[in-house]
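Fold and geometry: a report
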Amino acid sequence: ASLNAIARHSALNAFVSVAPESHLLAKAAAAEARIAAGSPLSDLDGRLIAIKDNICTPSPLRTTCASKILGNYTSPISATVVDRLEAAGMITLGKTNMDEFGMGSHSVFSSHGAVKNPHDSDLSTGGSSGGSAAAVAAGICDLALGTDTGGSIRLPSAYCSITGFKPSYGLLSRWGVVAYANSLDTVGILSRNWRDARSLFSLLSAAPDTLDPTSIPRPNPKIRSSSTLRIGIPVDYNLHELDDRVRSAWIRTLESLSNAGHEIIPISLPNTKHALAAYYVLAPAEASSNLARYDGLRYGLRSEQDRVNGTLFAGTRGEGFGEEVKKRILLGAFSLSAGKMDNYFIQAQKIRKMVQDDFTAVFGRDEGDASQVDVLIAPTSPSPPPKIAEVADAHGTDGYVADVLTTPASLAGIPSISLPVEKGVGMQVMAQWGGEEVLWKVAEGLE
Ligand code: GLN
């Protein structure tokens, strides 16, 4: 049925490759037999999952990162998250379309062409995990993996009216996930409901991964025993530019939580206004370094131009990378250059620390520390999805404002879940690092 759904929804351009039918049927039959015998491998045994194309999967599925430079690339390894979900009986349905290397907010910067929003094909799915979001929103599968560096799971989830969960940095292994900006990259989950996201997260984060040096064991923080929560509203997220539909959905969400007895507490995170700019210095800086490895010598595309012109890799990189990726490499190399480093990269690192400290001031540093709130609730995006035609241009930096509300949690490495509250509008719930449990509590309260 899912293969038929992929074919029926081919105009969405959500998948870039699909597992062979015989393989899927054999896996499904084996899972069915285990379930019938009463011995499933996990509570997600036999469930289908779509995987973003920057997460390495075993052959024959390619891992292209939606880049021409990896157009025919098949990884010799598979990501730890993929190994773990398959060991739990889950079945990889295929790989999903995205912005090239995760760089973008609307899934239009892809060598495979733009992804379409299942609710309205003129609208953006959000990005960069747009294919994963479209697959779930179209009902092709219940679950998908994505990556979120500055909002790439939460934004498409909001635009496609599904649930999108970015865990605390370090809790899901990045081994086998193609790096965009290592210090910000997190693997996460897009799903039809928060319960599936919780199940898959607990499966994938069950133990740290020795292959990823930033992988850390899942903490076990005590949740305050009170049945009501202290919910912070970060007033700095109430931007002048917020669309009326977004602002009124935010108010309604807070009203319903307040009616359920939870305490609503306005708080301030004064450095929020600098987060977007700092993100767009740091992420391209890391990217410019990470993308140096695509030289045509070790991976993927090797351009004929280099042989003809006697160059080493100018031709390969010129042909292989898309416009947006080239722009990021240039921005990153600029802000890391000897004359600019102090004014850009170093300043942005300082801002990152200030943004992190803002969150810690309201959440408390650890259990013993006084905290003002248990969670924060704010819109995921300043507006519902824009038209694809309005965001398809890689010139300038106007498109970056879609990330203004998601980048603060990314800089701080804290967990955030975007919950669908109305068509094309999501609310994100954020907690202190390691505070996943309290996110599920809010999600349940908003059901
Ligand atoms: N839109 C942001 C960017 O282009 C975030 C992308 C992401 O989270 N991968 O960098």
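Computed from a predicted structure; not experimentally measured.

**Examining the overall build of the protein**
Summing up its helical and strand segments, the protein has 15 helices and eleven strands in all. Since a compact globule built from 447 residues should have a radius of gyration of about 22 Å, the 21 Å found for the protein is in line with a globular shape. Viewed in the frame of its principal axes, the protein has a C-alpha envelope of about 70 × 65 × 45 Å. Burial status across the protein gives 53% buried among its 447 residues.

**A closer look at helix α11 (residues 323-335)**
With 13 residues, α11 extends 18 Å between its outermost C-alpha atoms, agreeing within 8% with the 18 Å of an ideal straight helix rising 1.5 Å per residue. Inspection of α11 places Glu 324, Val 325, Arg 328, Ile 329, Gly 332 and Ser 335 among the buried residues, and these make up the whole buried set. Each buried residue of α11 lies within a common arc of 140° when the element is viewed along its axis, so the set occupies one face. Seen from the open side of α11, the exposed residues pointing more than 90 degrees away from its buried face are Glu 323 and Leu 330. Here the buried face of α11 lies against α8 (272-290) and α12 (345-363).

**Remarks on the sheet that holds strand β8 (residues 263-267)**
If you walk across this open sheet you meet the eleven strands as β1-β3-β2-β4-β6-β5-β10-β11-β9-β7-β8, and the pairing is mixed. The outermost strands of the open sheet, each flanked by one partner alone, are β1 (15-18) and β8. On average, each strand axis in the sheet is inclined to that of its neighbour by 30°, with strand direction left out of account. Alignment of strand β2 (residues 48-52) against strand β3 (residues 91-96), held across five bridges, turns out to be parallel. When the bridges of β3 are listed, Ala 50 appears paired with Gly 94. On top of the sheet, helix α6 (residues 194-204) reaches β4 (143-148), β5 (163-166), β6 (186-191) and β10 (416-422); it is set at about 145° to β6, its chief contact.

**Concerning the pairing of β6**
β6 sits mainly inside the fold: six of its six residues count as buried. Here β4 pairs with β6 via six bridges, running antiparallel. Paired with Asp 148 across the two strands is Thr 186, which belongs to β6. Inspection of the sheet shows β5 paired to β6 by three bridges, in the antiparallel sense.

**A closer look at the UniProt feature "active site" (unreviewed entry) in the protein**
Under the present numbering, the feature "active site" (unreviewed entry) in UniProt falls on Lys 52, Ser 128 and Ser 152. Across 101 residues of sequence, these annotated residues stay compact in space, with a maximum C-alpha separation of 10.9 Å. Within the secondary structure layout, Ser 128 lies in the loop between β3 and α4 (130-137). Here Ser 128 falls in the buried class, since 38 other C-beta atoms lie within 10 Å of it. If we ignore the near neighbours within four places in the chain, the residues touching Ser 128 are Met 98, Asp 99, Gly 102, Met 103, Gly 104, Ser 107 and Ser 152. Secondary-structure assignment places Ser 152 in the loop between β4 and α5 (154-159). When the 36 C-beta atoms within 10 Å are taken as the criterion, Ser 152 is described as buried. Excluding its chain neighbours within four sequence positions, the residues that come into contact with Ser 152 are Gly 102, Gly 127, Ser 128, Ser 129, Gly 146 and Thr 147.

**A short note on helix α3 (residues 80-87)**
Along α3, the residues classified as buried are Thr 80, Val 81, Val 82, Arg 84 and Leu 85. Contact partners of the buried residues in α3: β2, β3, β4, β6 and α6. Remark: Gly 89 follows α3 within two positions and exhibits a positive phi of approximately 90°.

**Let's talk about the environment of Asn 309**
Its place among the elements puts Asn 309 in helix α9 (residues 304-309). For the pair Asn 309 and Pro 40, spaced 269 residues apart in sequence, the C-alpha to C-alpha distance is 58 Å.

**A word on the confidence of the model for the protein**
Averaged over every residue, the pLDDT of the protein is 96; the share at 70 or more is 100%. Note on the complex model: pTM 0.97, ipTM 0.98.

The rules we used
Residues numbered from 1 in each chain as written. Predicted model: local features only at pLDDT ≥ 70, side-chain atom pairs only at ≥ 80, totals over all residues. Helix = DSSP H or I, 4+ residues; strand = E, 2+ residues; numbered from the N terminus. Rg over C-alpha atoms; globule rule 2.2 N^0.38 Å. Buried ≥ 20, exposed ≤ 12 C-beta atoms within 10 Å, placed from the backbone. Expected span 1.5 Å × (residues − 1). Arc of directions from axis to C-beta. Contact = placed C-beta atoms within 7 Å. Pairing = 2+ DSSP bridges. Axes fitted to C-alpha atoms, helices over the stretch in contact; angles between N-to-C directions. UniProt positions renumbered as here; feature names shortened; annotations may be inferred. pLDDT = per-residue confidence, 0-100.

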